[in-house]
Amino acid sequence: MNLALIQESHLSSLARVAADDRIAQTSGVPLNCSEDDARQWMNTSLVPASQEMHYVLLVEGKPAGCCILKKIDWQQREAELSYGSVLNTGGRGWVPGQPG
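Residues numbered from 1 in each chain as written. Predicted model: local features only at pLDDT ≥ 70, side-chain atom pairs only at ≥ 80, totals over all residues. Heavy atoms only, no water.

(A) Seen up close, the environment of A38. Its place among the elements puts A38 in helix α3 (residues 35–45). A sequence separation of 16 residues divides A38 from H54, and the C-alpha atoms of the two residues are 9.4 Å apart. When sequence neighbours within four positions are dropped, the list of residues in contact with A38 reads I6 and L11. (Helix = DSSP H or I, 4+ residues; strand = E, 2+ residues; numbered from the N terminus. Contact = heavy atoms within 4.5 Å.)

As structure tokens, this is what we get:
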């Protein structure tokens, strides 16, 4: 498993993974997450000294979840960590991290 800053090439796969209704129930991900939602995450992550940084968990080069640093305090070097990943069930489930 690798961790990469969210990129344009991740958006459609990440939106497909995040569109699972169970994710919206336990996180800040919108119900029926779209590629445009994922693009907003990417755009937020690319702003210098952003309050949020979105990363993609890659398994064999394919997005399998995400990791988000939220409420980043660059001076104190602190942030909240939120994450989720697809279970080893061929994409039929989601392991929620701390609710977003």
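(B) Up close: the environment of R16. Within the secondary structure layout, R16 lies in helix α1 (residues 11–18). With a relative accessible area of 59%, R16 lands in the exposed category. In the structure, R16 is positioned 16 residues away from N32 in sequence and 9.0 Å away in space, judged by C-alpha atoms. Among the polar contacts made by the side chain of R16, one reaches the side chain of S13 at a distance of 3.2 Å. (Buried < 20%, exposed > 50% of the residue type's maximum accessible area, 1.4 Å probe, protein only. Polar contact = N/O pair within 3.5 Å; in protein donor to acceptor, adjacent residues only side chain to side chain.)

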